[in-house]
Amino acid sequence: MQQIQEHQIEHILEQLFNDAKNDYLKMANGFAKGIFRPIKPNDFKNVYLSISKKQGKALKKLIIDHNLKNIVEFGTSFGISTLYLAQGVLKTGGAIVTTELIESKAKKAQENFKNAGVQDLIDIRIGDAIETLKGYDKNIDLLFLDGWKDLYLPLFQMLAPNFNNNTIIYVDNADMSESKSFLKTIAKTNKYHFESNFDDKVVLITLKK
Ligand SMILES: C[S@@+](CC[C@H](N)C(=O)[O-])C[C@H]1O[C@@H](n2cnc3c(N)ncnc32)[C@H](O)[C@@H]1O
């Protein structure tokens, strides 16, 4: 059964990566809208902005190697990263809560999860992560941060009470300026250990032991 699901996920991922090939054109279109006014999330409603296949495979391995079960994702988009998270939790017996601001993207992601046969593993919350995750009271083994970077700090602070001694916080696009200032702020607490991967695109945060 698990093997069939793995196969289904791979198949859907292939389709999604194929569709994401036009991301560059769609992104240019999104940025063009920002010439005359500030850029809005909706300007990227058709763009995947996903992690790479290499990153996805490493993410799956991270989950399995550390036996991570309770996963929270900020920034679902069309669900590419969530499907890699699902591959991981299929092995560890875990589950995922993921959240996406743009309804049309979330609906498409939901369809992708259904087609991949993993919808039962994924609770997708539509809306602003600060609202959809407010009052979240479950333990978090992996927090995957991949939404707009100005929310990394408030979300981290809001969810920190749910971390345990072995929680991993995966920071994507860690090399962007807003992510850097988030990392700088939490480094000041002297409570965390930081490990860079993928040429500094990714930083893994863990609690100092
Ligand atoms: C970089 S993309 C996520 C890519 C996805 N993790 C993947 O690898 O397939 C960022 C997503 O975060 C969403 N987002 C931005 N601000 C958000 C917010 N406040 N709450 C929830 N989602 C948000 C955007 O709409 C966008 O789809």
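Residues numbered from 1 in each chain as written. Predicted model: local features only at pLDDT ≥ 70, side-chain atom pairs only at ≥ 80, totals over all residues. Heavy atoms only, no water.

> Just to check I follow, could you spell out unusual backbone geometry for this structure?
Note: most peptide bonds trans; most residues except glycine with negative phi. In this model, Leu 49 sits at a positive phi of 50°, which is unusual for a non-glycine residue. For Leu 49, the location among the structural elements is in the loop between α2 (23-33) and α3 (53-65). Here Asn 190, not a glycine, exhibits a phi torsion of approximately 65°, which is positive. The exposure class of Asn 190 is exposed, given its relative accessible area of 54%. (Helix = DSSP H or I, 4+ residues; strand = E, 2+ residues; numbered from the N terminus. Buried < 20%, exposed > 50% of the residue type's maximum accessible area, 1.4 Å probe, protein only.)

> I tried to follow the site of the ligand on my own but got confused; where do I start?
Lining the immediate surroundings of the ligand are 23 residues, of which Gly 75, Ser 81, Glu 100, Lys 105 and Asp 146 lie closest. Within the backbone of Leu 101, an N or O atom sits 3.0 Å from a nitrogen atom of the ligand. Lys 105 places a side-chain nitrogen or oxygen 2.8 Å from an oxygen atom of the ligand. A total of 600 Å² of accessible area belongs to the ligand in isolation, and the protein chains cover 97% of it. (Near = heavy atom within 4 Å. Polar contact = N/O pair within 3.5 Å; in protein donor to acceptor, adjacent residues only side chain to side chain. Areas by Shrake-Rupley, 256 points an atom, 1.4 Å probe, with all protein chains shown as cover.)

> Sorry, what's going on with the packing of helix α7 (residues 152-159) against helix α8 (residues 177-187) here?
How two helices pack is summed up by the angle between their axes together with the distance between the axes. Their axes nearest at 9 Å, the elements α7 and α8 cross at an angle of 35°. Seen from α7, the contacting residues are Tyr 152, Leu 153 and Phe 156; seen from α8, they are Ser 179, Phe 182, Thr 185 and Ile 186. Its residues placed into classes, the contact of α7 with α8 shows 5 nonpolar, 2 polar and no charged. (Axes fitted to C-alpha atoms, helices over the stretch in contact; angles between N-to-C directions. Contact = heavy atoms within 4.5 Å. Nonpolar A, V, L, I, M, F, W, Y, C, P; charged D, E, K, R; others polar.)

> Honestly, the pairing of strand β1 (residues 70-74) in this entry has me stumped. Any pointers?
It is a general feature of regular strands that their side chains alternate between the two faces of the sheet. Taking burial as the measure, the 5 residues of β1 include 4 buried ones, the bulk of the element. Where β1 meets strand β2 (residues 95-100), 5 bridges bridge the pair, whose relative direction is parallel. Counted as the bridge partner of Glu 73 is Thr 98 from β2. Read as a crossover between parallel neighbours, the route from β1 over helix α4 (residues 80-92) to β2 is right-handed. Where β1 lies against strand β4 (residues 140-145), 4 bridges are found, and the strand directions are parallel. Residue pairing in the sheet places Glu 73 in a bridge with Phe 144 of β4. (Pairing = 2+ DSSP bridges. Right-handed = clockwise from strand over helix to strand, strands pointing away.)

> What is the right way to look at α7 in this model?
The α-helix winds at 3.6 residues per turn, so residues separated by three or four positions along the chain end up facing the same way. Along α7, the residues that are buried comprise Tyr 152, Leu 155, Phe 156 and Leu 159. In an axial view of α7, the angular spread of the buried residues amounts to 100°, which keeps them on one side of the axis. (Arc of directions from axis to C-beta.)

> Whenever I open this one, the nonpolar core confuses me. Can you help?
Most often, soluble globular proteins have nonpolar side chains that are buried together. Among the nonpolar cores identified, the biggest contains 36 residues, and Ile 9, Leu 59, Leu 83, Val 118, Leu 142 and Tyr 170 are the most heavily contacted of them. Mapped onto this core, the elements with two or more residues apiece are α1 (2-19), α3, α4, α5 (103-115), β3 (122-126), β4, β5 (163-172) and β7 (202-207). With 7 residues, α4 is the largest single contributor of residues to this core. Those residues within four positions of Val 118 in sequence are excluded, and the remaining contacts are Gln 5, Ile 9, Leu 83, Ala 86 and Phe 113. With 23 residues, the next largest nonpolar core counts Phe 74, Tyr 136, Ile 140 and Ile 186 among its residues. (Core = buried A, V, L, I, M, F, W, Y, C linked by side-chain atoms within 4.5 Å.)

> Where do I start with the sheet that holds β1 in this structure?
Strand pairing in a sheet relies on backbone hydrogen bonds. The paired strands run either parallel or antiparallel. One open sheet accounts for 7 strands, arranged β3-β2-β1-β4-β5-β7-β6; its pairing is mixed. Every other strand in the sheet has two partners, leaving β3 and β6 (192-197) as the edge strands with one partner each. On average, each strand axis in the sheet is tilted by 15° relative to the strand beside it, whichever way the strands run. Alignment of β4 against β5, held across 5 bridges, turns out to be parallel. Residue Leu 142 lies in a different strand from β5, and its bridge partner there is Ile 168.

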